Amino acid sequence: MLTALIESPRPGERKVCLMPELPEVEARKRYLEKTSLARTVERVSVTDRRILEDTTPSALGRALRGARFESADRRAKYLLVRTDHESTLLIHFGMTGDLFFRQRGESKPKFSRVEFHFEEGSCLHFTDLRLFGKLAIYDTTDWALIGDIAKLGPEPLGRGFTFRAFRDIVKGHRTTIHQLLMDQGLIAGIGNLYSDEITYQAGVRPDRGASSLSDAEIRRLYDMTKWVLRRAVELDAELDEQADIFLLPNRGRNGQCPVTHDKLVKKTIGGRSSYYCPACQK
């Protein structure tokens with residue numbers, strides 16, 4: 001996973017990374033699909049109730065006891081797990097949330113906050129070092145009835161996210177392109193990290209005002225939004241081995257542009273730290 005690694009993982013665990021965005025959540029969805037679908041929950045154990053939203057440990061346990069995980073979907077930075085009880089388990093990973101599946105007899109991962117124990121003895125753990133993630137349960141499988149989901153903008157990898165739609169979003173707002181890309185009500189799933197990567201690949205400074213962009217620059221931003229996110233998904237968000245192409249593995253203090261090797265500039269935009277290459281981005 002990208003940037004700001006907290007510690008090395010034990011065998012079978014992934015590295016802990018900061019702020020999962022669309023590609024990281026897509027990787028977690030695939031992980032859950034591979035390990036936990038079609039399994040029936042025997043019991044739920046909550047070791048830190050601060051991770052729950054609008055529910056209690058006992059209510060979560062009652063809602064999921066005997067339920068089978070039927071399918072998983074991703075919407076923006078949210079993971080939604082549908083059950084055969086016509087309910088939806090919503091997971092938001094916050095900054096350091098992750099999933100860890102273990103078979104009976106295997107050791108428990110660090111920072112386990114919620115445990116879904118399956119009938120055959122295996123267990124899916126929601127781990128979270130910093131406790132900024134959240135889990136909620138809804139008695140519906142209709143996303144339109146889930147407030148956090150209903151208010152989100154279009155998916156940047158969805159069919160409806162056309163160049164015309166993106167251009168209209170850009171031309172209709174006077175904020176910086178960095179803030180626009182991160183606005184979940186406008187475009188869903190992009191955060192601080194991938195906004196930096198997209199603007200880097202498009203050759204546009206993240207602090208540029210959206211209204212200052214030419215049609216050619218808007219087109220590059222649109223194309224790079226698609227390319228960056230698709231490539232990151234293909235790589236399961238593991239970009240470190242392609243540090244000669246991507247900004248993100250080089251992002252941070254004393255980071256350098258992978259192409260020119262110029263020192264990256266750090267700037268606070270909309271209260272968030274952004275990095276860019278002054279030679280490549282105009």
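Our subject in this report is the structure included herewith. (Residues numbered from 1 in each chain as written. Predicted model: local features only at pLDDT ≥ 70, side-chain atom pairs only at ≥ 80, totals over all residues. Heavy atoms only, no water.)

As a further point, take the overall build of the chain. Secondary structure assignment for the chain yields 7 helices and 10 strands. A globule of 282 residues ought to have a C-alpha radius of gyration of about 19 Å, and the chain, at 20 Å, matches this closely. Taking the principal axes of the C-alpha coordinates as reference, the chain spans close to 55 × 40 × 30 Å. By sequence separation, contacts in the chain at least 24 residues apart represent 62% of the contacts at least 6 residues apart. Treating the 45 positive side-chain charges of the chain as one cloud and the 39 negative ones as another, the clouds have centres 4 Å apart. (Helix = DSSP H or I, 4+ residues; strand = E, 2+ residues; numbered from the N terminus. Rg over C-alpha atoms; globule rule 2.2 N^0.38 Å. Contact = heavy atoms within 4.5 Å. Lys, Arg positive; Asp, Glu negative; His and termini not counted. Charge placed at Lys NZ, Arg CZ, Asp CG, Glu CD.)

If a residue is not glycine, its phi is most likely negative; likewise, a peptide bond is most likely trans. For E86, which is not a glycine, the phi torsion comes out positive at approximately 60 degrees. Along the chain, E86 turns up in the loop between β3 (78–83) and β4 (88–92). The class of E86 is exposed, set by a relative accessible area of 52%. Even without being a glycine, L131 presents a positive backbone phi close to 60 degrees. Mapped onto the elements, L131 comes out in the loop between β7 (123–128) and β8 (134–138). (Buried < 20%, exposed > 50% of the residue type's maximum accessible area, 1.4 Å probe, protein only.)

In total, this model carries 8 aromatic pairs according to the counting rule given. Taking the centre distance of 5.7 Å and the plane angle of 85 degrees together, the rings of F69 and F118 count as edge-to-face. Taken together, the residues span a long stretch of sequence, with F69 in strand β2 (residues 69–75) and F118 in strand β6 (residues 112–118) at a distance of 49 residues. A relative accessible area of 1% places F69 in the buried class. By relative accessible area, F118 is classed as buried at 1%. (Phe/Tyr/Trp six-rings, centres within 6.5 Å; stacked < 30°, edge-to-face > 60°.)

The 4 strands are arranged β1-β6-β7-β5 in an open sheet whose pairing can be described as antiparallel. A strand with exactly one partner marks an edge of an open sheet, and here the two such strands are β1 (41–46) and β5 (97–102). Within this sheet the neighbouring strands show an average axis-to-axis angle of 15 degrees, counted without direction. Across 5 bridges, the pairing between β6 and β7 is antiparallel. Each residue of the ladder has a partner; that of F116, found in β7, is L124. (Pairing = 2+ DSSP bridges. Axes fitted to C-alpha atoms, helices over the stretch in contact; angles between N-to-C directions.)

Let us now look at the packing of helix α6 (residues 192–202) against helix α7 (residues 215–234). Between α6 and α7, the shortest axis-to-axis distance is 8 Å and the interhelical angle comes to 125 degrees. It follows that α6 is oblique to α7 by the angle criterion. Here α6 and α7 pass one another in a crossing that is right-handed. Residue-level inspection shows Y194, E197, I198, T199, Q201 and A202 of α6 in contact with α7, the latter providing R220, L221, M224, T225, W227, V228, L229 and A232. (Parallel < 35°, antiparallel > 145°, perpendicular 65-115°, else oblique. Left-handed = near helix turned anticlockwise from the far one by under 90°.)

The final tally for this structure, using the stated rule, is 23 salt bridges. Notably, a salt bridge pairs E33 with K29, separated by 3.0 Å at the nearest N-O pair. One end of the pair, E33, and the other, K29, are both in helix α1 (residues 22–36), 4 residues apart, so they sit about a helical turn from each other. By relative accessible area, E33 is classed as partly exposed at 31%. (Salt bridge = Lys/Arg side-chain N within 4 Å of Asp/Glu carboxyl O.)

The next subject is the environment of K171. Along the polypeptide, K171 turns up in helix α4 (residues 163–171). Taking C-alpha positions, K171 is 9.1 Å from S212, a pair spaced 41 residues apart along the chain. Those residues in contact with K171 that lie beyond four places of it in its chain are D215 and I218. Within the structure, K171 has its side chain in polar contact with the side chain of D215 (distance 3.3 Å). (Polar contact = N/O pair within 3.5 Å; in protein donor to acceptor, adjacent residues only side chain to side chain.)

Pairing is antiparallel across the open sheet formed by 4 strands, whose spatial order is β2-β3-β4-β8. Looking at the sheet topology across the chains shown, the edges are occupied by β2 and β8. Along the sheet, successive strands turn relative to each other by an average axial angle of 20 degrees, direction set aside. Strand direction decides the pairing type here: β3 and β4, joined by 5 bridges, are antiparallel. Among the inter-strand pairings, Y78 is bridged to a residue of β4, identified as H92.

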